[in-house]
Structures are given as C-alpha cells and as structure tokens.
Amino acid sequence: MKCSMIPLTVLIVSTCQGEMMNFFGLTDPWIWGAYVACFLCVALCCTYGWITRNKKEESEDDE
Amino acid sequence: MSNGISMEIFLPMLAIFLVATIALGWYGYKNTKSNQEYLLGRNKSNSVIIALSYGATFLSASAVIGFGGQAAVHGMSLLWLCFLNLFLGLFVAFVFFGTRTRKIGRKLGASTFADLLGKIYKSNGIRAFTAILIIVMMPIYCAAVLKGGVNSLAVITGLTQYYDLILIGLALIVGIYVIYGGIIAVMYNDALQAGIMFIGMAVILVVTYTTLGGVSAANGSLTNLWDSGLITGAGTLPGFDGWTNFSEFGSNEWLTVVTTFLLGVGIGALTQPQLVVRFMSANDDKTLNKSMIIGSIFMITIVGAAYTVGALSNVYFYNNYGVGAYQYLQNLHLGTDFIIPEFILDIFSTVTFGDIFVSLFLLSLICASISTISALMHTIGSAGGFDLYTLAKSRREKKPFNSQSIRINRICTMIVMVLVVVYCYIMPSDIIAKATSLFMGMTAAALLPTFAHGLYSKKPRKDAAVASIVVGTASYLIWALFINAGSSIFLPICKWITGSKVLFMNSSIMYVDALLIALPLSIITMILVLMLKKAPSKIQDQEAETVSG
C-alpha cells in the first residue's frame, strides 16, 4: 500500500500503518486523550462560567 | 546533586512573602467580628478570591510533590487525574454541588460541612460523625501536605539538618494566621499563594520543555527511554508499559494507578469539607459560576505542569546521570516525594537566573503547602471548636445551642496544629500521595451518597443516610486496613493480628483501593433503604388512612 504522510508539525497521522497517531510526540491515545480531555474540560468550565456569569438567581424557596 | 539554593536571593523573597502573609492575617483578624465571619467570611469573598482559594486549597504540595513524584514513577497516565480534578473537582463540584450547597447552607444557617449535613438531616448524630471523621482522618492528610512542603524546603535549601526546625516553623506560621485571622485570612492568603504557584509552575513547565528540546522532542525522548530499554520501570508494578503509555488493563500497575491515584482523589474531591465551606462562603451563584473560569485555568496549569514535568524528569535524569528519576533518587537514599524538588534544583542549576527561578518555585511550593494546611487546620479546628462543642453543650444543657465562641475555635485550631506536627513524625516516609488518597477516599465512601441525597432530595431520609454512612465507613476501613497493601501501612492492624501485611498476599486484590468497593456499597445501601423502607411520614399517612377507614 502506498504510504502518504500528512506533514503537520503537531498532528501526524500515519496512514500507512493505520494506528500511529503522533500528538506532540505522544502515540498512546489514552495519554494524549487525557491532555485533550483536560483542555476540553477547561473550555467547558470557562464557557459555562462566562454564559452564567450574570444569570438571574433562582428563588431560594425553590429548594 | 546540587547543593541548595542561593540564600541571598531566597531569603529576601521569603521575607516579602511572610510580610504579605502576616498583613493578610492581620486583615482577616480586623475583619473577623463574629463566629460566622471566622467560619465563612461571606462579607469578604468574591469570585476571584473563591476561585484561587478553592484551587490553592485543593491543589497542595501533595499534588505537586506527591503526585508529581508519582508521575515520575508511573508516567503520564496520571494526567487523567488532572482531568478528574477539573471535571469532578471543579465542574461537577461547582455546577451540581456548589450552588445547591450554597443555597441550602444559607437557608439552614449552616457554617461548616458537618453543620450542613446535621441540619439537612436534622441529626446531631450525622453532624457528630462528620465532625469526628474530620478530626480523626484529616490530620493525616494535613500532615502529608506539611511533610511535602518541609521535604521540598529542606532539600532545595540544602538545610536537611534543620528538618525539625523547618517543620515546626512552617506549622507555627500557618497556625498563627489561621488562629487569629480565621477564614478571611485563609482565603486571602490562598489567593496570594495561588498567584505565586501559578507563575512558579508555568515557568517550570516552559523551562523543562525548553531544556529537553521542545514539546514533541521531549515527549518522544520519554517514549524512547522505555521502547529502547534504556531504563527500566523501577518502582512500578507488573503491567507498566512506559511513561507515555497507559499500563496494561487489569494489571497490578493499572489497579494501583486507576483505583488509588485516579479514582481515590478524583472522586474524593467532591466531599472535601474544606472545599464545601468555599461554596458556603459565596454570596450568590454568579460568584461561584465566575469562579470556574479562573479556577479551571489555575488548576490545569498547576496539576498539568506537575504531572507532565514529573514524567519528563526521567529524560532529564537519564540525559545527565544515565538513570531514571526513581533510580537517581534511590541512589541518593531518597524516595519519590523528593523527585520533583531534586529535579527542579538540578535543572535550574544550568539555567541563567536559575537561582531566582528555584527560589520562586520553592516559594510556590511553600505556598502550595500552607494554603492547604491553613484550610485543613481551619476545618479541623471548626469541627472541634464549633460542631462538637455545640453538640456537647446542647447535650449538657438539654436545649438547642449554637456556639458563637471564636475563642473555642482558636483553641481547637491550636491543638490541631500540635497534633499535625506529631502526625508528621509517626507517619511512614514516601506517603504523601497515598495519605491524600486515603483521606479523600474515606470521606467519599462515607459521605458522598449522603451529601448528594441531602442536596437533591426534597425530603432527605435520615435512615438512608445513616445506613449509607455506616456501610461506607465500615467497608472502607475493613478494605483499607486488611485488604489494600497501600493503605494498611497507616495502621497495621492486620499485621498485628495475622502476622501478614494484608489478608490476601500476592493477589491482585491487594492493589484495589478501598474506595472502589466502599463507595458502590454505600450507594447501593442508600438506594436499598430508600426503596425497601418507606419514609416515616408515608407510613404515618397510611396508618392514619387505615384508622380513619
């Protein structure tokens, strides 16, 4: 099979082997996935915090 | 090995820091007029203070030194703990627990975590149990954090011969500002310390990657260390597959990393009494929501940097000394808790203005330690001086009583300070991460279902809460003391009785953390009681219908 490489400095997908994904020098998806999950979580916290920064308070009686 | 830092640089930095700490302690003292202000300090909190205080309290020297050292041994799989800290410890904690805790806490007039649970369930027993759990278990965690700070300070300054003096000095500094300044001094100092920690850890991450040739090159080198068999996974268990690979599923290594380090601390964060108080200190939900922005950026920087740098220290030590981090420290007769301090000292010795950065890092570690210790001391002191004192006096006088005595709180905090120092001397070495996991796991197993039920149920059931607490606590203690090899060292009852460290030696089960067993049991117990036993009010209604019918 002809091998074609995508020349990205950050993300290298080796299509010839079909399983090598190099993310900043990390190849195990369970490891780089942890980094991705961390950044997504920060994005989630920041987005939620920003959207609800002026949210009207629910009535205390609701509890 | 480097011979300590430049005292000419570090001492002036430390002096400025101490002056600021004392000034904030004084500010707290001047603004603490009532016991409510001593316990919650609502009038002086805002989103930035809450975010930084929450983050700095959550992430102690235990996270940087203890878990950073564990990352050097077990690798980057610990980054999942960073994710759990962010997702469970911040997002879920604030969105699903924080706002309800704040509202219910304010509605019921609760001042502490034990007080909150006691008032939700209208149970002095639950309040007393929670307070006793805090008083008995939290000093272990507090002592672990204190040891982390002192270890760093002693190694980096090269003053290991003054270990005792540093330990007592650090405890005294924290104790004094907590005793006099209360929660306001604790939170404002947390914010100052968080700022220093943030700068310190960010600098270390950048310097580490720069020294090792960039992000991809450094990570690639770490992968290569294992793949090429250049160094072995010393200090790990069977199933370890290199620092940039997750360990083999179900192996002893996997069980230790996932159940003890990831789940124990990840889930345990939700029921941390010192963090719950931060929610109750907020004036409104908006303050809590806004806190998440700063809190998340702070947390990923501190924890992400610590775990990444910890794992990468292997590359540095191999390049310079031909051995991995664990082996290098073993050669110096030091354990995993010293890996990060030693690495920082060594890597900055080759960098321009390295002394300034090392001093900054050391200061940030001191900050990480004392921000958490102060919050823990305040929480333990409040559990004794407010919760137990209130309950004891109510019982003696046979009428409801709510302690308003700041003095009693201060006396209790002082006793706690002494107790924590004593704990430091009787605790085994290399225990920071495990002690943290033990405390967090124990509180989660005992209190998480009760806390969640109390917050979300319209009519919280005391019988279900008590059953869940009893089963969660008993199962956690039995597993931790008799089955799990990591936690049984704290109180070797199994060895005293059977002569063996744990009941099932040479079995994978000895690597399973108690939380993995105790928390599901605690949840199942609560659900079963809720389903099988009808609420007292319903039974009374049905009896009334039968009588009238």
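The paragraphs below set out a description of the structure included in this document. Just so it is clear, the structure is predicted and the values come from calculations on it, not from any experiment.

As for the interface of chain B and chain A
Consideration 1: Contacts between the two partners involve 35 residues from chain B and, on the opposite side, 29 residues from chain A.
Consideration 2: Taking both partners together, chain B and chain A bury about 2,900 Å²; carbon and sulfur atoms supply 67% of that area.
Consideration 3: The largest share of the area that chain B buries against chain A comes from W80, K103 and N289 of chain B, three residues that together contribute 19% of it.
Consideration 4: Counting the contacts that link chain B with chain A gives zero salt bridges.
Consideration 5: Linking chain B to chain A there are five residue pairs in polar contact (both at pLDDT 80 or more).
Consideration 6: For the side of chain B that touches chain A, the secondary structure elements donating two or more residues are α5 (79-108), α9 (215-227) and α12 (285-321) of chain B.
Consideration 7: By residue number, the principal contributor to the side of chain B that touches chain A is α5 of chain B, which donates 14 residues.
Consideration 8: Counted by class, the side of chain B that touches chain A contains 17 nonpolar, 10 polar and eight charged residues.

Some thoughts on helix α20 (residues 514-532) of chain B
Residue and element names in this part refer to chain B.
Consideration 1: Look at α20: 26 Å from first C-alpha to last across 19 residues, which is about the 27 Å you get at 1.5 Å a residue.
Consideration 2: Turning to α20, its buried residues are A514, L515, A518, L519, S522, T525, M526 and V529. Axial view of α20: buried residues confined to an arc of 125°, hence all on one face. What points out from α20, more than 90 degrees from its buried face, is the exposed set M531 and L532.
Consideration 3: The residue sitting at the N-terminus of α20 and contributing the capping side-chain oxygen is D513; that oxygen lies 3.1 Å from the backbone nitrogen of L515.

Some details on the pattern of salt bridges
Residues and elements named next belong to chain B.
Consideration 1: On inspection of all chains with the given rule, the structure shows seven salt bridges over all chains.
Consideration 2: Note that K103 and D285 form a salt bridge whose closest N and O atoms lie 3.2 Å from each other. Here K103 is found in helix α5, whereas its partner D285 is found in helix α12, with 182 residues between them in sequence.
Consideration 3: For D285, a relative accessible area of 10% gives the class buried.
Consideration 4: Linking R278 and D190 is a salt bridge whose minimum nitrogen-to-oxygen distance equals 3.4 Å. Taken together, the residues span a long stretch of sequence, with R278 in helix α11 (residues 273-281) and D190 in helix α8 (residues 163-211) at a distance of 88 residues. The exposure classification of R278 matches that of D190, with both residues buried.
Consideration 5: A network of salt bridges, in which partner residues are shared, links D115, K119, R127 and D387.

A few points about the layout of surface pockets
Consideration 1: When its volume is computed, the largest pocket comes out at roughly 560 Å³.
Consideration 2: Looking at the lining of the largest pocket residue by residue, the classes come out as 11 nonpolar, 13 polar and four charged.

Reading the values: rules and limits
Residues numbered from 1 in each chain as written. Chains lettered and ligands numbered in written order. Predicted model: local features only at pLDDT ≥ 70, side-chain atom pairs only at ≥ 80, totals over all residues. Heavy atoms only, no water. Contact = heavy atoms within 4.5 Å. Buried area = accessible area lost by both parts, 1.4 Å probe. Salt bridge = Lys/Arg side-chain N within 4 Å of Asp/Glu carboxyl O. Polar contact = N/O pair within 3.5 Å; in protein donor to acceptor, adjacent residues only side chain to side chain. Helix = DSSP H or I, 4+ residues; strand = E, 2+ residues; numbered from the N terminus. Nonpolar A, V, L, I, M, F, W, Y, C, P; charged D, E, K, R; others polar. Expected span 1.5 Å × (residues − 1). Buried < 20%, exposed > 50% of the residue type's maximum accessible area, 1.4 Å probe, protein only. Arc of directions from axis to C-beta. 1 Å grid on protein atoms, 1.4 Å probe; cavity = no way out; pocket = protein on both sides within 12 Å on 5 of 7 lines; lining within 4 Å. Points joined across faces, edges and corners; volume = space filled by probe spheres on them.

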